[in-house]
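# Examination of the molecular architecture
Here are the chains, one letter per residue:
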Amino acid sequence: MMKRLNLIFALLTTVVFLGGCLKGTDPQPKQVGGATFINAFIETDAVYYYVDRNTISVLNPLFYRTYGPTPPIYMYPGEARLELYSTYENNRLVDTTITVQDSVFYSSFVYGTHDDPRHFITDDRVPEDIDDASAIAAVRFYNLANTDRRVTLHIGDLTPIAAFSDRPTETPQTGKEREGFIPVATGSYIVSVVDENGETVATRNDPVDLVAGSYVSIFLTGDERDPTTFYVARVYQWVN
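Computed from a predicted structure; not experimentally measured. (Residues numbered from 1 in each chain as written. Predicted model: local features only at pLDDT ≥ 70, side-chain atom pairs only at ≥ 80, totals over all residues. Heavy atoms only, no water.)

So, about the environment of Asn 91. Note that Asn 91 resides in the loop between strand E6 (78–86) and strand E7 (92–100). In this structure the C-alpha to C-alpha distance between Asn 91 and Thr 44, which are 47 residues apart in sequence, comes to 10.0 Å. (Helix = DSSP H or I, 4+ residues; strand = E, 2+ residues; numbered from the N terminus.)

As a further point, take the pattern of salt bridges. Taken as a whole and assessed by the stated rule, the structure comprises 19 salt bridges. A salt bridge links Arg 225 to Asp 223; the nearest nitrogen and oxygen atoms lie 2.6 Å apart. When its relative accessible area of 63% is taken as the criterion, Arg 225 is described as exposed. When its relative accessible area of 7% is taken as the criterion, Asp 223 is described as buried. Connected through salt bridges with shared partners, the residues Arg 53, Arg 81, Glu 83, Arg 92 and Asp 95 form a single ionic network. (Salt bridge = Lys/Arg side-chain N within 4 Å of Asp/Glu carboxyl O. Buried < 20%, exposed > 50% of the residue type's maximum accessible area, 1.4 Å probe, protein only.)

Counted according to the given criterion, the structure contains 10 aromatic pairs. When the ring of Phe 109 is compared with that of Phe 120, the centres are 4.9 Å apart and the planes differ by 15°; the resulting orientation is stacked. Note that Phe 109 is positioned in strand E8 (residues 105–112) and Phe 120 in strand E9 (residues 117–123), a separation of 11 residues in sequence. Between Phe 109 and Tyr 142 the ring centres are 5.2 Å apart and the planes differ by 65°, which places this aromatic pair in the edge-to-face class. Remark: Tyr 142 occurs in strand E10 (residues 137–143) and Phe 109 occurs in strand E8; sequence separation between them is 33 residues. In this structure, Phe 109 and Tyr 142 share a single accessibility class: buried. Feature note: the residues Phe 109, Tyr 111, Phe 120, Tyr 142 and Phe 219 constitute an aromatic cluster, connected by ring pairs. (Phe/Tyr/Trp six-rings, centres within 6.5 Å; stacked < 30°, edge-to-face > 60°.)

With that settled, the discussion passes to the sheet that holds E8. Here four strands make up an open sheet; going across it, the order is E5-E1-E8-E9 and the pairing mixed. Either end of the sheet is taken by a strand with one partner, and the two such strands are strand E5 (67–75) and E9. Between one strand axis and the next, the sheet turns by 20° as a mean value, whatever way the strands run. Taken together, the six bridges between strand E1 (residues 33–39) and E8 define a ladder with parallel strand orientation. Paired with Ile 38 across the bridge in E8 is Phe 109. (Pairing = 2+ DSSP bridges. Axes fitted to C-alpha atoms, helices over the stretch in contact; angles between N-to-C directions.)

For the peptide bond that leads from Gly 68 to Pro 69, omega is -10°, which places it in the cis range. Within the secondary structure layout, Pro 69 lies in strand E5. Cis geometry is found at the peptide bond from Thr 70 to Pro 71, where omega equals 0°. The residue Pro 71 is located in strand E5 in this model. Unlike most non-glycine residues, Asp 52 shows phi in positive territory, near 50°. With respect to the helices, strands and loops of the structure, Asp 52 is situated in the loop between strand E2 (46–51) and strand E3 (54–55). Backbone geometry at Asp 166 places phi at a positive 55°, although glycine is not the residue there. Along the chain, Asp 166 turns up in the loop between strand E11 (151–155) and helix H2 (172–177). By relative accessible area, Asp 166 is classed as partly exposed at 39%.

By themselves, these figures tell us nothing about what the structure is for.
Dropping the structure here:
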């Protein structure tokens, strides 16, 4: 599949190195995993990332409602310590161990509040029942907002997908459980998020282009204390 070959080539040839995960002057590894980092943590301007106590220069800082790097950074397979710090008083939000497998793409999502920081890591894979990954578009949806509302994703005029309906704010467990992408009809759509009372929480003004071969994470972020902060974000993902 040409698109996936191009992605893997770009991943292997990127000059962005993950501090501490590449050994000395060894040549670029033939077996690697790739990672994208997504910041939906509203209570600070930005987040700093460290792996095995080494800074990730291209991510420091990673500002709210942004993600990176593109292409993903690559890492040797194995375990590594991941820490995330808020720019507000240098509060540590996350301190966890991640396990990287060969030729698997991952995404790290951080969200929540300083009192309740939340984080999960997804495996970004093509659905198992898909024979030709470049022939479809697929989506996953997360509610990462600080809100008690249960929300549903609306993709244009398509019938809402059951798995994207009546969603409370994710826990780290549900975030991981809902990592799978679900195929949708290709097209260019205005997407919105509606709560259980039928009220539109937020609408993304620019269309989300779901072309064949695209795998997109769509998520609600923001805070109920200031409803003007609600925002529908989207990330085009690298997948295996």
